[in-house]
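Structure assessment
Each chain, written out:
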Amino acid sequence: MNEPFDAVDVIVAKRDGHRLTAPQIDWVVDAYTRGVVAEEQMSALAMAILLNGMDRGEIARWTAAMIASGERLDFSGLSRPTADKHSTGGVGDKITLPLAPLVASFGVAVPQLSGRGLGHTGGTLDKLESIPGWRAALTNDEMMTQLEQVGAVICQAGSGLAPADRKLYALRDVTGTVEAIPLIATSIMSKKIAEGTGSLVLDVKVGSGAFMKDLDRARELARTMVELGTDAGVRTVALLTDMSVPLGLTAGNALEVRESVEVLAGGGPADVVELTVALAREMLDAAGRPDADPARALADGSAMDAWRAMIAAQAGDVDAELPVARETEVVVAEQDGVLTTLDAYAVGVAAWRLGAGRARKEDPVQAGAGVQLHARPGDRVRAGQPILTLHTDTPERFARAREALVGGVVVDEAGSTTPGPLVIDRIAV
Ligand code: URA
């Protein structure tokens, strides 16, 4: 095939700080997907983008080119409006589990195409797979039927959506270019737009346990994604939320499912309830149901009914006992004082090392492994009082998990701390 551009010219243009033209972007994304632009050329271009950025027009075009590399789903035949949510990922972030059935209980279709975890943040599919029988892989037809009948689907994203992203993401992972905001935004939004949702709520996490440690960068990422979604005709808003402390009192697969069920039963930790309700309000508003009261649906059992239907539709045994780790160890306060630090990243790494997460994508995860929290920052504790319980099937992992917690759990005799707000800001255009 006669190629209209030379990859080196495109790299040099971005290296020298120029805008890429629409035809250049269309070509480079397509040619990379076809294998015509080599991995080393795309890695140079990704680094030039990381260093010199892309403007709003370039970002929109790059996203469109990634969408064009694969299939698009179409939910327009459904009798319900659609609303989706995406979180940039955090420790103990189980919010999708109560949120999807909660929003579906108001007659909104919630397609949650999810992934497995890699690194210190857990994956939604790994959590749900701790439910005996539950099946992550659905065909497009099964997904549509479930959306029409139940309203909520959490399933594995098919390989057909934005294949250019899959290739580029793997390359970024090994070339130090994951952090480029234009590349993160186009990666996330190409998949969400290709998925075909009518509205989208983004939960952009900021803090030690998040991808974005810094508030200004998190805000820029949120704004870029909101603009992209809006320009593509998807009603999009973002909440910037705190991820310096784990969400809730659990990090780990079955542990998080149990906590999610508590929330659906009208209980559960206050921060998980607060964020679930805040995101549900945004999704319901975007889907044309601004008067719906999500807190009521948690209290009156309607969200729980939708959860049971959603799990059963994917062959999950909703009444089965969840797996429990074979061994536990308790981390106690070494002195009297105030728990001033409970660092999300430290807890995430500990849960991962206990077996809740994987180091390589083909590794198995332990359903019962993870960390349970017994105190939150600001709580006064006594020497010897349990702060965390570590769970694993493989006790040789305890030592490495404890190492991860050094400096991440601090009890200060004279200290005090006032936790900041969970929802830091709301970004809409
Ligand atoms: N999640 C994605 O899907 N892509 C990124 O680039 C980062 C997070």
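These numbers were taken from a predicted model, which means no experiment stands behind them.

Brief notes about the overall build of the protein
In terms of regular secondary structure, the protein is built from 16 helices and 13 strands. Compactness check: the protein gives a C-alpha radius of gyration of 22 Å against a globular reference of 22 Å for 429 residues, within 12% of the reference. C-alpha extents for the protein along the principal axes are approximately 70 × 45 × 40 Å. Here the protein holds 429 residues, and 53% of them are scored as buried.

Thoughts on empty space enclosed by the protein
The full count for this structure, using the stated rule, is one cavity of 30 Å³ or more. In this structure, the largest cavity is lined by 18 residues; those nearest its centre are His120, Thr121, Gly122, Ala351 and Ala356. A class-by-class count of the residues in the lining of the largest cavity yields five nonpolar, ten polar and three charged. Mapping the lining of the largest cavity onto the domain boundaries places at least three of its residues in each of domain 1 (84-157 + 195-320) and domain 2 (327-412).

With respect to the site of the ligand
In the vicinity of the ligand, the contacting residues are Tyr169, Arg172, Ile184, Ser187, Ile188, Lys191 and Phe211. Note that a nitrogen atom of the ligand is positioned 2.6 Å from one of the side-chain N or O atoms of serine 187. Lysine 191 is positioned such that a nitrogen or oxygen atom in its side chain is 2.5 Å from an oxygen atom of the ligand. Summarising the interface, the protein chains cover 87% of the accessible area of the ligand, which totals 230 Å² for the free molecule. Elements with a contribution of two residues or more to the shell around the ligand: α8 (163-173) and α9 (181-195). In terms of residue count, α9 provides more of the shell around the ligand than any other element does, four residues in total. Looking at the shell around the ligand, its residues break down into four nonpolar, one polar and two charged.

Let's talk about the sheet that holds strand β1 (residues 84-87)
Spatial ordering of the open sheet is given by β1-β4-β5-β13, a layout of four strands whose pairing is mixed. Every interior strand has two partners, whereas the edge strands, β1 and β13 (423-427), have only one. Taken over all neighbouring pairs, the strand axes of this sheet differ in orientation by 20° on average, direction set aside. Looking at chain direction, strand β5 (residues 235-242) and β13 are connected through four bridges and run antiparallel. Its bridge partner lying in β13, threonine 241 is registered against valine 423.

As for the pattern of salt bridges
The full count for this structure, using the stated rule, is 25 salt bridges. With a closest N to O distance of 3.6 Å, arginine 382 and aspartate 336 form a salt bridge. Linking arginine 382 in the loop between β10 (380-381) and β11 (386-392) with aspartate 336 in the loop between β7 (327-332) and β8 (337-342), this pair joins segments that are 46 residues apart in sequence. For aspartate 336, a relative accessible area of 36% puts it in the partly exposed group. Salt bridges linked by common partners bring Glu3, Asp30 and Arg34 together as one network.

Concerning the packing of helix α4 (residues 56-68) against α9
Contact geometry for α4 and α9: axes closest at 9 Å, N-to-C directions at 45°. Judged on the interaxial angle alone, α9 and α4 are oblique. Along this stretch, α4 crosses α9, giving a crossing that reads as right-handed. Contact residues: Ile59, Trp62, Thr63, Met66 and Ile67 in α4; Pro182, Leu183, Thr186, Ser187, Met189, Ser190, Ile193 and Ala194 in α9.

A short note on the packing of helix α1 (residues 7-15) against helix α3 (residues 39-52)
Helices that pack against each other are described as a pair by the angle of their axes relative to one another and the distance between those axes. Contact geometry of α1 with α3 gives a least axis separation of 8 Å together with a crossing angle of 15°. The angle between α1 and α3 places the two elements in the roughly parallel class. Here α1 and α3 pass one another in a crossing that is left-handed. Side by side, α1 and α3 meet where Ala7, Val8, Val10, Ile11, Lys14 and Arg15 of the first sit next to Gln41, Ala44, Leu45, Ala48, Ile49 and Asn52 of the second.

So, the nonpolar core
The tendency in soluble globular proteins is for nonpolar side chains to be buried side by side. Ranked by size, the top nonpolar core spans 74 residues in total, and within it Trp307, Val371, Leu388 and Leu390 carry the most contacts. Both domain 1 (84-157 + 195-320) and domain 2 (327-412) contribute no fewer than three residues apiece to this core. Counting 60 residues, the second largest nonpolar core, distinct from the first, contains Leu45, Ile49, Leu113 and Ala218.

Rules and cut-offs
Residues numbered from 1 in each chain as written. Predicted model: local features only at pLDDT ≥ 70, side-chain atom pairs only at ≥ 80, totals over all residues. Heavy atoms only, no water. Helix = DSSP H or I, 4+ residues; strand = E, 2+ residues; numbered from the N terminus. Rg over C-alpha atoms; globule rule 2.2 N^0.38 Å. Buried < 20%, exposed > 50% of the residue type's maximum accessible area, 1.4 Å probe, protein only. 1 Å grid on protein atoms, 1.4 Å probe; cavity = no way out; pocket = protein on both sides within 12 Å on 5 of 7 lines; lining within 4 Å. Points joined across faces, edges and corners; volume = space filled by probe spheres on them. Nonpolar A, V, L, I, M, F, W, Y, C, P; charged D, E, K, R; others polar. Domains from an automatic or database assignment. Near = heavy atom within 4 Å. Polar contact = N/O pair within 3.5 Å; in protein donor to acceptor, adjacent residues only side chain to side chain. Areas by Shrake-Rupley, 256 points an atom, 1.4 Å probe, with all protein chains shown as cover. Pairing = 2+ DSSP bridges. Axes fitted to C-alpha atoms, helices over the stretch in contact; angles between N-to-C directions. Salt bridge = Lys/Arg side-chain N within 4 Å of Asp/Glu carboxyl O. Parallel < 35°, antiparallel > 145°, perpendicular 65-115°, else oblique. Left-handed = near helix turned anticlockwise from the far one by under 90°. Contact = heavy atoms within 4.5 Å. Core = buried A, V, L, I, M, F, W, Y, C linked by side-chain atoms within 4.5 Å.

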